[in-house]
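Remarks on the overall topology
So you can see what is in the structure, the chains are spelled out below.
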Amino acid sequence: MKRILITGGAGFIGSHTCVSLLENDYEVYLVDSFVNSSPIVINRILSICDLNNSNLGKNLKVFKGDLKDKVFIEDIFSNADKSGNPINGVIHFAGLKAVNESVLNPLRYWQENIFSSLNLVSVMKKYNCNLLVFSSSATVYGKESSSPIKENSYLNPSNPYGNTKLTIEKILNDLYDENSNIWKIACLRYFNPIGAHTSSLIGENPVGMPNNLFPLICNAALDNNTKLKIFGSDWDTIDGTCIRDYIHVSDVAEGHLKTLEYLNNHKTNILKMNIGTGLGTSVLELIETFSRVNKVTVDYKFTSRRDGDSKEIVADNSFSSSLLNWIPKRSLEDMCIDGWNWKKNNVNGF
Ligand SMILES: NC(=O)c1ccc[n+]([C@@H]2O[C@H](COP(=O)([O-])OP(=O)(O)OC[C@H]3O[C@@H](n4cnc5c(N)ncnc54)[C@H](O)[C@@H]3O)[C@@H](O)[C@H]2O)c1
């Protein structure tokens, strides 16, 4: 059985990926500081395993701690080595992800995202763990890139969060170049993961005010007094609102499984891959779909455009779909239904 360490495993994408890995007979070492998640997620992951009427929960081991603490990481790798069953690979989700907050407090983002990643890869190197899947982001692309965006498009992040993601990709390039005979690395550039597990037991549960559109739509649907702000009604798009590429979080999780399998079965490499559906949806289309399938009202109002926004960010996903032989299978309707069911059942989060 392969032992995979998942940093940020209690977070939104991490928790869904833990479930996918457990369901596919991996042993999971979940590492999280819970800075943007709750320990309750662990019980929820175990409940999903139970729902499947299986004994899979026994393959989950949880380590609470911060990746900025190198000794903490080293202990996990060293103990795994001593047990005779070393860690075979790492999926690195942990990091701060709020674009606005990164503009207000850039040094915190550099400190958290870069230190954590440096600590992690230096410990991996020491313990000869050479398979890494890193959570990058579509924010690495420049505003000048026209959609659908290919992996070789111009890279020019427009905020400190995106800068940290691109910097980590560059660190991984250098690490790979240092010894290209050992490393198997994939940087997955996610577009807009939304939705939730069909059980409604896990979903997006940010600490504090959400930043992303989908949780804000859920909040507006829950509370009749809350109006969703739409930034700009005059973009050069079908209805004047911005277009993004939404992908179901369970598809993103399955993409990680496929990436792990690919890296395991192929020679050393460093890959940069878009993870999106390749389908563009405007803000108004997302609200319309959400309201229709869930039979709820979402009140909104238009405000002026936000600095740094782009009219359209949609993936060209032909590279990931051909390499991994995988395409996302859930529809926008599925994303809206699953995401709303999760929110309704967990109104106050955990
Ligand atoms: N959700 C998105 O829309 C999106 C899009 C593109 C990229 N990403 C990237 O994907 C990754 C996962 O995103 P998510 O939405 O699941 O975020 P999340 O905040 O829900 O999950 C991140 C997890 O990492 C943990 N964490 C953060 N810093 C840590 C540290 N120093 N040590 C240990 N644990 C730490 C948090 O407690 C949290 O549980 C992030 O790196 C994010 O930047 C997310």
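Scope of this entry: the structure provided in the associated data block. (Residues numbered from 1 in each chain as written. Predicted model: local features only at pLDDT ≥ 70, side-chain atom pairs only at ≥ 80, totals over all residues.)

Quick look at the overall build of the protein chain now. From N to C terminus, the protein chain includes 11 helices and 14 strands. The proportion of buried residues among the 350 residues of the protein chain is 46%. If you take every contact in the protein chain between residues at least 6 apart in sequence, the share linking residues at least 24 apart comes to 81%. (Helix = DSSP H or I, 4+ residues; strand = E, 2+ residues; numbered from the N terminus. Buried ≥ 20, exposed ≤ 12 C-beta atoms within 10 Å, placed from the backbone. Contact = placed C-beta atoms within 7 Å.)

Around the ligand, a shell composed of 27 residues is seen, among which Gly-8, Gly-11, Ser-37, Lys-97 and Ser-135 lie nearest. For the shell around the ligand, the secondary-structure elements that each account for two or more residues are α1 (12-23), α5 (106-126), β5 (131-137) and β7 (192-194). Ranked by the residues each element gives to the shell around the ligand, the list is headed by α1, at 3 residues. Here the shell around the ligand is composed, by residue class, of 10 nonpolar, 12 polar and 5 charged. (Near = placed C-beta within 6 Å. Nonpolar A, V, L, I, M, F, W, Y, C, P; charged D, E, K, R; others polar.)

Moving on: the sheet that holds strand β11 (residues 269-275). Strand order in the open sheet formed by 7 strands is β3-β2-β1-β4-β5-β6-β11, with parallel pairing between adjacent strands. Looking at strand neighbours, the two that pair on one side only are β3 (60-64) and β11, the edges of this open sheet. Ignoring which end each strand starts from, the neighbouring axes of this sheet average 15° apart. Here strand β2 (residues 27-32) runs beside β3; their pairing, made up of 5 bridges, is parallel. The residue of β3 that forms the bridge with Val-28 is Leu-60. Docked against the sheet, helix α8 (residues 249-265) engages β1 (3-7), β4 (89-92), β5, β6 (184-190) and β11, running at close to 160° with respect to β6. (Pairing = 2+ DSSP bridges. Axes fitted to C-alpha atoms, helices over the stretch in contact; angles between N-to-C directions.)

Look at helix α3 (residues 70-82): 18 Å from first C-alpha to last across 13 residues, which is about the 18 Å you get at 1.5 Å a residue. Buried within α3 we find Ile-73, Phe-77 and Ala-80. Around the axis of α3, the buried residues are gathered within 60° of arc, so they sit on the same side. Opposite the buried face of α3, at more than 90 degrees from it, the exposed residues are Val-71, Asn-79 and Lys-82. (Expected span 1.5 Å × (residues − 1). Arc of directions from axis to C-beta.)

Close contact between α1 and α8 brings their axes to 8 Å; oriented N to C, the two are set at 55°. The angle between α1 and α8 places the two elements in the oblique class. You can see that α1 and α8 cross each other, and the crossing is right-handed. In contact with Phe-12, Ile-13, His-16, Thr-17, Val-19, Ser-20 and Leu-21 of α1, α8 contributes Val-249, Ser-250, Val-252, Ala-253, Glu-254, His-256 and Leu-257. Along the lines of polarity and charge, the residues of the contact of α1 with α8 split into 8 nonpolar, 5 polar and 1 charged. (Parallel < 35°, antiparallel > 145°, perpendicular 65-115°, else oblique. Left-handed = near helix turned anticlockwise from the far one by under 90°.)

On to the nonpolar core. Core analysis: the largest hydrophobic core is formed by 90 residues, its most contacted members being Ile-6, Cys-18, Leu-22, Val-28, Ile-45 and Ile-217. Ranked by residues supplied to this core, first place goes to α8 with 7 residues. Setting aside its immediate chain neighbours within four residues, Leu-22 contacts Val-28, Cys-49, Leu-56, Asn-59 and Leu-60. (Core = buried A, V, L, I, M, F, W, Y, C linked by C-beta atoms within 7 Å.)

So, on to the environment of Pro-39. Position of Pro-39 relative to the elements: it lies in the loop between β2 and α2 (40-51). Separated by 15 residues in sequence, Pro-39 and Asn-24 place their C-alpha atoms 23 Å apart. Those residues in contact with Pro-39 that lie beyond four places of it in its chain are Ala-10 and Phe-34.

A word on the sheet that holds strand β12 (residues 281-282). Adjacent strands of a sheet pair through backbone hydrogen bonds, lying either parallel or antiparallel. The mixed open sheet is built from 3 strands, whose spatial order is β12-β9-β14. For this open sheet the edge positions go to β12 and β14 (312-313), each flanked by a neighbour on one side alone. The pairing of strand β9 (residues 243-244) with β14 spans 2 bridges and is parallel. Each residue of the ladder has a partner; that of Ile-243, found in β14, is Glu-312.

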